[in-house]
Amino acid sequence: HFPISKNRPPVTLITGGPGAGKSFFGLTLAAQASIMNKTNLIIDIKGDFIVLKSLANNNSINKVQIWSIINEDRKIMEENTGMLDPTSFSSDLNFNVVLTKQIIGDIVGKLLPEQETAITPIIKDIVESEQPSLLRVLQKLLSAREESVRAVGMNLEIYLNMEIAKILTVNK
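Thresholds, definitions, all that
Residues numbered from 1 in each chain as written. Predicted model: local features only at pLDDT ≥ 70, side-chain atom pairs only at ≥ 80, totals over all residues. Heavy atoms only, no water. Helix = DSSP H or I, 4+ residues; strand = E, 2+ residues; numbered from the N terminus. Contact = heavy atoms within 4.5 Å. Buried < 20%, exposed > 50% of the residue type's maximum accessible area, 1.4 Å probe, protein only. Arc of directions from axis to C-beta. Polar contact = N/O pair within 3.5 Å; in protein donor to acceptor, adjacent residues only side chain to side chain. Core = buried A, V, L, I, M, F, W, Y, C linked by side-chain atoms within 4.5 Å. Axes fitted to C-alpha atoms, helices over the stretch in contact; angles between N-to-C directions. Parallel < 35°, antiparallel > 145°, perpendicular 65-115°, else oblique. Left-handed = near helix turned anticlockwise from the far one by under 90°. Nonpolar A, V, L, I, M, F, W, Y, C, P; charged D, E, K, R; others polar. Patch = residues over 30% accessible without salt bridge, like charges linked within 9 Å, V, L, I, M, F, W, Y side chains within 5 Å. Areas by Shrake-Rupley, 256 points an atom, 1.4 Å probe, with all protein chains shown as cover. Salt bridge = Lys/Arg side-chain N within 4 Å of Asp/Glu carboxyl O.

1. Details of the overall build of the protein
Counting secondary structure elements, the protein contains 7 helices and 2 strands. Ordered by position in the sequence, the α and β elements of the protein form the string α-α-β-α-β-α-α-α-α. A separation of at least 24 residues holds for 52% of the contacts in the protein among residues at least 6 apart in sequence.

2. Details of helix 6 (residues 134-142)
Along helix 6, the residues classified as buried are Leu134, Leu135, Val137, Leu138 and Leu141. The buried residues of helix 6 occupy an angular sector of 155 degrees when the element is viewed end-on, so they sit on one face. On its buried face, helix 6 sits against helix 4 (93-108), helix 5 (113-127) and helix 7 (147-160). N-capping of helix 6 is provided by Ser133, with a side-chain oxygen placed 3.3 Å from the backbone N of Leu135.

3. Some words on the nonpolar core
Formed by 27 residues in total, the largest nonpolar core has its most connected members in Ile104, Ile119, Ile123, Val137, Leu141, Val149 and Leu160. Residue assignment for this core shows that the elements contributing at least two residues are helix 4, helix 5, helix 6 and helix 7. Broken down by element, the residue count for this core peaks at 6 residues, all from helix 5. Dropping the residues within four chain positions of it, Leu141 is found in contact with Ile104, Ile119, Ile122, Val149, Arg150, Val152, Gly153 and Leu156.

4. Points about the packing of helix 6 against helix 7
The angle between the axes and the distance between the axes are what describe a pair of packed helices. Where helix 6 meets helix 7, the axes come as close as 7 Å, and the angle between the chain directions of the two elements is 140 degrees. By the angle between their directions, the pair helix 6 and helix 7 is classed as oblique. As helix 6 runs across helix 7, the sense of the crossing is left-handed. Here Leu134, Leu135, Leu138, Leu141 and Leu142 of helix 6 lie close against helix 7, whose contacting residues are Val149, Arg150, Val152, Gly153, Met154, Leu156, Glu157 and Leu160. Residues of the contact of helix 6 with helix 7, tallied by class, amount to 10 nonpolar, 1 polar and 2 charged.

5. A word on a nonpolar patch on the surface
A contiguous nonpolar patch, built from Ile14, Phe25 and Leu29 and spanning about 230 Å² of accessible area, is present on the exposed surface. Looking at the secondary structure, you find Ile14 in the loop between helix 1 (2-5) and helix 2 (22-35).

6. Section: the pattern of salt bridges
A full pass over the atoms with the stated rule returns 3 salt bridges. When the shortest N-O distance is used, the salt bridge between Lys101 and Glu116 registers 3.6 Å. One end of the pair, Lys101, is in helix 4; the other, Glu116, is in helix 5, and 15 residues separate them in sequence. Assessed through its relative accessible area of 34%, Glu116 is described here as partly exposed. Measuring nitrogen to oxygen at the nearest pair gives 2.7 Å for the salt bridge that ties Lys124 to Glu128. In this structure Glu128 comes out as partly exposed when scored by relative accessible area, which is 42%.

Shown next, in the form of structure tokens:
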């Protein structure tokens, strides 16, 4: 109820491993919300909601907007690269520092206290720069003197080389 009281829409993120039922659950939520005449915005990164999009386009269901960020070849469309880059996500620079640190921790796993202490100023410098980007954070992590920081960078690099990670990165 907090988002409603602050006049901000609630947000739901569904996560889970392959075959866990995320798409089915998302489709069920969207269908129920449509029946209740609630607006849905779905960012479809794999093309799982194409059926739902066709129903919305035919006016078979209400208030569903599907934002497919991939093309027919299942590649991230160029205009969507970097759309969720945490280093420039908000106008609040402190928020972007915290968000970037959280995203890195979510990707590479729990950061050790010394790693978190070492990467915070790196992230802060990049977030406050003229051209913030998660790729620039990665470059700095990989070139750090501390081995534990470079290890964070190497683990992050593996993920950021995946196609889906293009929503987090853009060459600026």
